[in-house]
Amino acid sequence: MMLSTRSRLFLIAAVLTVVEAELPGTSSTNEINQTPKRRSTFVGGTLYPQASETRDLKRLDGIWKFRKSPTDPEYGQRNGWYEQDLEKTGPVIDMPVPSSYNDVGEDPSLRDHVGLVWYDRRFYVPHWWKTAGQRVWLRFSSVHYAALVYVNGQAATYHEVGHLPFEVEITDIVSYNTSNLLTVVVDNTLLSDTVPQGNIKDIFVGNSKIRQEQTYTFDFFNYAGIHRSVFLYSTPQTYIDDVIVNTDIQGLTGFVVYNITYKGTPRAQCFVQLYDKLGNQVTAANECAGLLEIGNANFWWPYLMHPEPGYLYTLKTTLIGSLGETIDTYSLKVGIRTVTWTNTSIYLNDKPIYLRGFGMHEDSDLRGKGWDPVLWVKNFNLIKWTGGNAFRTSHYPYAEEIYQLADEHGIMIIDECPSVDTDIFTDSLLEKHKQSLTELIRRDKNHASVIMWSIANEPRSANIRADAYFQKVVKHVKSMDLSRPVTIAIAQSHIADRSGQHLDVISFNRYNGWYSNTGSLLNIAANVADEATAFNIRYNKPIIMMEYGADTIAGLHLLPEYVWSEEYQVSLMSEHFKAFDRLRQAGFFVGEFIWNFADFKTAQTITRVGGNKKGIFTRSRQPKASAHHLRERYLALAAADTNSPPPESPYYVSDHLPFKHEEL
């Protein structure tokens, strides 16, 4: 069973974590050299890899070799697939990295595969890394769901929970005189204690098990594979391990509070420099932890809230040796801003903000959840075209490059961990849930764009065990970060929910006119306003409507409006807008998020025509009528909230003068 395979992977991971196992090295061929070597394992990947004066970087993206595991999940392990090039073990196919593997082929058995798959490729390590005494690191930005990594036939590291990075030092495993073999075993199975959760059942024909079938309750396709870039990079022996930044504002002065941690044997001093957008140094310090003061600072502002949104400084950190030599350097972008909240409002730089947002997905044709810079540059252009200023990373952490783009464009992010439809609430699930948040916060803590943590989407929060469970989850988040509020996208009613008392902001999802009272527009505005008010009365906290919408087939036009038509989607949105405008005047409503930004793929069901069609853009990012409708609203809201004149219509209609007629 797949469960036994997962247990096997856990056992290997436990060995890697608890002991420094002595594993055989590699020769210049695929035969195993019996000389034992020690290697250290580090699972984290806190700092995004970069090249600098002291570091080098190579991407291992490209075409890898790929093979599905047979029905017996331990077959590849028993037959030593990790000890040799995968193509020597049997038939392989080409597989692009990064991408999901599901949509690359034409075989439904690949699209719907459940269980293990194998990837491999060869890589070279520059010889100068060895002569310079550099450490060698291997970093995966995301593998879904679990990954076991081998280098030259040696187990290097294991990681569970997709969408988050992990890395391992491989200095003592790699060869500098020949190519190195990198093998990755990927397991996409979701179980009752994975994040997110799922179930597995075996499919038999007669007495023969032919495959496994994955089921899950969340409404997006369980894409799998090596979804984001794979990095090979070097650091000095003594290296900067982490940089933590917090910012504050007093009047026109900005403050950057920083803390640098480093690893390695020599004692080092720190030199910190802060540069403005033009590359001019504005301040510096000689301590590994301290406070930088910037007079007349340029603050980080959201899009359409300031003439220069997304202003970023560069913080350059340097380790200095006892002889004054540079040991290591690392630079990161810093936005100076504050996030505060009360029981009615959220403030950015002491100004109240209203979120004009989107639920989204990492999802596109062919690539699935694979990182695609073309797609995401387009996404940000469309977010700004609509006048949006925020999105939620529904329902998992997105690629790090997306947060970098959000920082630069002034787009705010509600950063969500992978816990979807959380249920059962066991202790083992709680530990993995907390671990996913640990890795998320460590990764994203320095992004100015991240203004809120979302710790779950639509959990079964009416369950009596949800109260204590989410109390512990929130306590864990607060132990790591007190500078951002915490929310959950709640699907339970305000009466049944048992999680809201632990949160800072109440967010709720509701599909009036679609899943309830399908086709009826009559009571949407009243229902939305009443429910938001009821949540506020119960919890006395700011309220966001995190999801609302209707599936729409692009090009389907029906008048009078009818479900699935573009007209119905626009009409349903308008009814919600009426409620939102009423709530905006109530003093506690702080945001509206349409579901969804774009159409996306789901599991096959009779209620999904090629996937979820609630997007205001198609999967290929072409606008439906609803995109133009939402654009008019978001631009009007942005103008109203900054006391600016309302935007003009993008299309000329009329000069509004009466028709002139003269008799001859």
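Criteria and cut-off values
- Residues numbered from 1 in each chain as written.
- Predicted model: local features only at pLDDT ≥ 70, side-chain atom pairs only at ≥ 80, totals over all residues.
- Heavy atoms only, no water.
- UniProt positions renumbered as here; feature names shortened; annotations may be inferred.
- Helix = DSSP H or I, 4+ residues; strand = E, 2+ residues; numbered from the N terminus.
- Core = buried A, V, L, I, M, F, W, Y, C linked by side-chain atoms within 4.5 Å.
- Buried < 20%, exposed > 50% of the residue type's maximum accessible area, 1.4 Å probe, protein only.
- Domains from an automatic or database assignment.
- Contact = heavy atoms within 4.5 Å.
- Expected span 1.5 Å × (residues − 1).
- 1 Å grid on protein atoms, 1.4 Å probe; cavity = no way out; pocket = protein on both sides within 12 Å on 5 of 7 lines; lining within 4 Å.
- Points joined across faces, edges and corners; volume = space filled by probe spheres on them.
- Nonpolar A, V, L, I, M, F, W, Y, C, P; charged D, E, K, R; others polar.
- Pairing = 2+ DSSP bridges.
- Axes fitted to C-alpha atoms, helices over the stretch in contact; angles between N-to-C directions.
- pLDDT = per-residue confidence, 0-100.

- An unreviewed UniProt entry annotates the protein as Beta-glucuronidase originating from Danaus plexippus plexippus.
- A UniProt comment under Sequence similarities (unreviewed entry) is attached to the protein, and it reads "Belongs to the glycosyl hydrolase 2 family."
- Per UniProt, the protein carries the Subunit (unreviewed entry) text "Homotetramer."

**Some remarks on the environment of G80**
Part 1 of the argument: As for its position among the elements, G80 is in the loop between α2 (75–78) and β5 (93–97).
Part 2 of the argument: For G80 and G153, which are 73 residues apart along the polypeptide, the C-alpha to C-alpha distance reads 8.5 Å.

**Describing the nonpolar core**
Part 1 of the argument: If you look at the biggest cluster of nonpolar residues, it comprises 100 residues, and the most contacted ones within it are F358, W376, F391, I455, F470, Y548 and L630.
Part 2 of the argument: If you count residues domain by domain, this core takes at least three from each of domain 1 (56–188 + 224–235) and domain 3 (339–642).
Part 3 of the argument: Here L630 is in contact with F358, T386, Y548, M573, F577, I594 and I616, once residues within four sequence places are set aside.
Part 4 of the argument: Ranked by size, the runner-up nonpolar core spans 48 residues in total, among them F231, I294, Y311 and M546.

**Notes on helix α9 (residues 524–539)**
Part 1 of the argument: Given a rise of 1.5 Å per residue, 16 residues ought to cover 22 Å, and the 23 Å separating the end C-alpha atoms of α9 matches this to within 8%.
Part 2 of the argument: Within the span of α9, buried status applies to I524, A525, V528, A529, E531, A532, A534, F535, N536 and Y539.
Part 3 of the argument: Residues of α9 that are buried in the fold lie against β31 (486–490), β32 (506–509), β33 (543–547) and α10 (566–584).

**Observations regarding the layout of surface pockets**
Part 1 of the argument: Counted as a void, the largest pocket has a volume near 780 Å³.
Part 2 of the argument: Lining the largest pocket are 36 residues; nearest its centre among them are D112, H113, V114, Q212 and Q214.
Part 3 of the argument: Contributions of two or more residues to the lining of the largest pocket are made by α3 (108–111) and β14 (208–215).
Part 4 of the argument: Ranked by residues supplied to the lining of the largest pocket, first place goes to β14 with seven residues.
Part 5 of the argument: Considering only residue class, the lining of the largest pocket consists of twelve nonpolar, 16 polar and eight charged.
Part 6 of the argument: Viewed by domain, the lining of the largest pocket spans two of them, domain 1 (56–188 + 224–235) and domain 3 (339–642), each represented by three or more residues.

**Focus on the sheet that holds β5**
Part 1 of the argument: Reading across from one edge, β5-β4-β6-β12-β9-β10 is the order of the six strands in this open sheet, with antiparallel pairing throughout. One side of each edge strand has no neighbouring strand; the edge strands of this open sheet are β5 and β10 (154–160). Each neighbouring strand pair of the sheet contributes to a mean axis angle of 30°, computed without reference to strand direction.
Part 2 of the argument: Direction of pairing for strand β4 (residues 62–68) relative to strand β6 (residues 116–123): antiparallel, over a ladder of four bridges. For R67, the partnering residue across the bridge sits in β6 and is W118.

**Focus on the sheet that holds strand β23 (residues 326–334)**
Part 1 of the argument: Here we have four strands laid out as an open sheet, ordered β20-β19-β22-β23, and antiparallel in their pairing. Both edges of this open sheet fall to β20 (281–285) and β23, since each of them pairs with a single strand only. Adjacent strand axes in the sheet meet at a mean angle of 15° when their direction is disregarded.
Part 2 of the argument: Inspection of the sheet shows strand β19 (residues 269–275) paired to strand β22 (residues 313–320) by seven bridges, in the antiparallel sense. Across the sheet, Q269 pairs through a bridge with I320, a residue of β22.

**A few points about the confidence of the model for the protein**
In low-pLDDT regions, the fine details of the predicted coordinates are not to be read closely.
Part 1 of the argument: A residue-level look at the protein finds 93% of positions with pLDDT of 70 or above and a mean pLDDT of 92.
Part 2 of the argument: Note that pLDDT drops below 50 for residues 1–42; the model gives that stretch 98 contacts with residues more than four away or on any other chain.

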